[in-house]
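In case you want the letters, here they are:
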Amino acid sequence: MKKIIALLSALIFVITGCSSSETAAVQGSVTGQGASINSENNDETELQLSMNMTKTLNPLLNSDETVNDVFTLMYENLVNIGEDGKAEPNIADSWTFDEDGKTAHITLKSSVSFSDGSILTADDVIYSLRTIDNAENSYYKSCTDHIKNWSAQGSYQIDITFYDSGAGNMVYLAFPVISSAFYGGDYAVMSDNPTTAVTTGLYRFESFSPAKELMLTAAMNDFKGQAAVNKITVTMTKDRETQLNLFTKGITDILPAEETELAGGNTAFNGKRVSYITNVYDFIGFNFNNAVFMDRNIRQAIAYSLDIQNIIDGIYLGNAERAYSPVRTSSWLYDSSVYGYDNDLTTAKMLVEQSGWRFRTSQTVRENEDGRKLQAAILVNKENSERCQVAQNLASALNALGFEVSVTEADYQTYMDKIHNGSYDIFVGGWTVSPSNDFSNMFGTDNNVMGYSSTRMDEYISECSAAVTDEEMMTAYGKLQNYISQELPYISLVYRKSSVYMSQRIHGDLTPVRNRVFNGIENITVR
């Protein structure tokens, strides 16, 4: 848990100590749909945000998450990913796939304009893809990692071919589109206009003082109309602790943060917190090179022994959504018929005994007919407090079943080495799940680290990857989820939540989603 140290003098230095920095301001007139808003009553409202320092205002050459959060206010994506994880039209108005599911034929909206009044075309999309592909570091680098080639088929049509088949690839097109005319060349580099910007979002660039602040002005947006708040000032910070201090001191108005980051801080604002589901999935995995855990009865018994709701309430403090499979329950691909293992110690004990493990020479540790003790060595990385607590909870549950249990809390590198070497029986782990819901690295025979092998699982994963229509995807993922529930290569625990905190000055609600935490900002007002 991060301790917050509020040093007012340090805050003053961050805010005022860079006054000698050069300020870049917007040049010339701004026309078209990117024009700034003139309020009828000329009342200006201003929102205060913060982000880490950045050397560029090009969103495709940035790799910092806090900077990307702010850039989502300035730039629109080719497609968006909705709260349910599905790719949604945005700049891309519609798309179809070839029969093999590898090439997407995309039609762009023909009325999207940059803040300089120029119209966004397929050339800008291709330029953006080239920029990502050639960038040394980019928040969106994984997008082009999955794309084989692209070509314009007209001003507002573009074909994009992926390496693998399946409509799930559309989530890799959730990247901002930049102006090819503004940056020039075949693709943009760090030295191209780093301190000014031509944008497509709710807010357009006004001025930028490197290491000090970024000023934004509301614009007439092609997708959401006009934002109620006229101006945004973004304070540059040197580290995360400064961002936390700025918010707890009431200097900034909105802060995306984990609850543990703000614990112990000054939250006397009585403001609001809005939570959203992340793609961080916590689970319990098994070593399938150990004959005990190859037994599905044993894996199911362990699942029945756990009170996952109690884990959510007591360990995650409610900041998690129960997971019944690696597909989160709020996903459009979730199958509600998937079997869930509710806490049932009687059934758990029955399953263990069916596999031949009984109390023979001891009343606390079970043995099989050969006199082998029922043992479990649990591994967890010590840097993760919640998972360490889950490991202890699991140990207690296994003791109640008649296991002899040990728990090893290792540093992360040792933890990973032990997993790859098979030096564990059970591990508590987590995945940052791909937006395309590709589970081959979790359960694929040649890919997973547990020694798990299943031809049927491989077939179901392949069917998910190849599905093109919504119906095909839902059918394929339904079969996969139900098979995972039966097989239990993992015991699914939770999908973690994160939050956006707002001060008392904010009226209205944000609707944050992963990678767009300021979603809905056009609807809020500042008092």
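For the structure, check the block above.
Quick caveat, the model's predicted, so the values are computed rather than measured. (Residues numbered from 1 in each chain as written. Predicted model: local features only at pLDDT ≥ 70, side-chain atom pairs only at ≥ 80, totals over all residues. Heavy atoms only, no water.)

S.K.: Hey, could you run me through the side chain of N58 in this one?
M.R.: Relative to the helices and strands, N58 is located in the loop between β2 (46–52) and α2 (65–71). Apart from residues lying up to four places away in sequence, N58 is in contact with F71, T131, I178, Y183 and A188. (Helix = DSSP H or I, 4+ residues; strand = E, 2+ residues; numbered from the N terminus. Contact = heavy atoms within 4.5 Å.)

S.K.: Is there a simple way to explain the sheet that holds strand β6 (residues 103–108) in this structure?
M.R.: Hydrogen bonds between backbone atoms are what pair the strands of a sheet, whose relative direction is either parallel or antiparallel. Across the sheet, which stays open at both edges, the four strands sit in the order β5-β6-β8-β7 with antiparallel pairing between neighbours. Edge positions in the sheet fall to β5 (92–97) and β7 (147–154), since each of these pairs with one other strand and no more. Each strand axis lies, on average, 20° off the axis of its neighbour in the sheet, ignoring direction. Across five bridges, the pairing between β6 and strand β8 (residues 157–162) is antiparallel. Bridging across to β8, H105 finds its partner in D159. Strands in contact with helix α3 (residues 122–134) are β6, β7 and β8; relative to β7, the strand with the most contacts, it is inclined by about 160°. (Pairing = 2+ DSSP bridges. Axes fitted to C-alpha atoms, helices over the stretch in contact; angles between N-to-C directions.)

S.K.: Quick question: what am I supposed to make of the pairing of strand β15 (residues 375–381) here?
M.R.: Two faces make up the sheet, and in a regular strand the side chains alternate between them. Counting buried positions along β15 yields five of seven residues, so the element is predominantly enclosed. Both β15 and strand β16 (residues 404–410) contribute to a ladder of seven bridges, which runs parallel. Within the sheet, the bridge partner assigned to I378 lies in β16 and is V407. (Buried < 20%, exposed > 50% of the residue type's maximum accessible area, 1.4 Å probe, protein only.)

S.K.: Would you mind going over helix α6 (residues 240–248) with me for this structure?
M.R.: Owing to its 3.6 residues per turn, the α-helix brings residues three or four apart onto one side. The element α6 is largely enclosed, with a buried count of eight among its nine residues. The N-terminus of α6 is capped by D239, whose side-chain oxygen sits 3.4 Å from the backbone nitrogen of E241. Immediately beyond the C-terminal end of α6, within one or two residues, lies G250, with a positive phi of roughly 80°. (Polar contact = N/O pair within 3.5 Å; in protein donor to acceptor, adjacent residues only side chain to side chain.)

S.K.: Any chance you could explain the pattern of salt bridges here in plain terms?
M.R.: Pairing is possible between side chains of opposite charge, provided their charged atoms come close. Per the counting criterion, the structure on display carries 14 salt bridges. Among the ionic pairs, R387 bridges to D282, the shortest N-O distance being 2.7 Å. One end of the pair, R387, is in helix α12 (residues 385–401); the other, D282, is in strand β13 (residues 272–286), with 105 residues separating them in the sequence. Summarising the burial analysis for this pair, R387 and D282 share the class buried. As a salt-bridge pair, E463 and K479 come within 2.8 Å of each other at their nearest N and O atoms. (Salt bridge = Lys/Arg side-chain N within 4 Å of Asp/Glu carboxyl O.)

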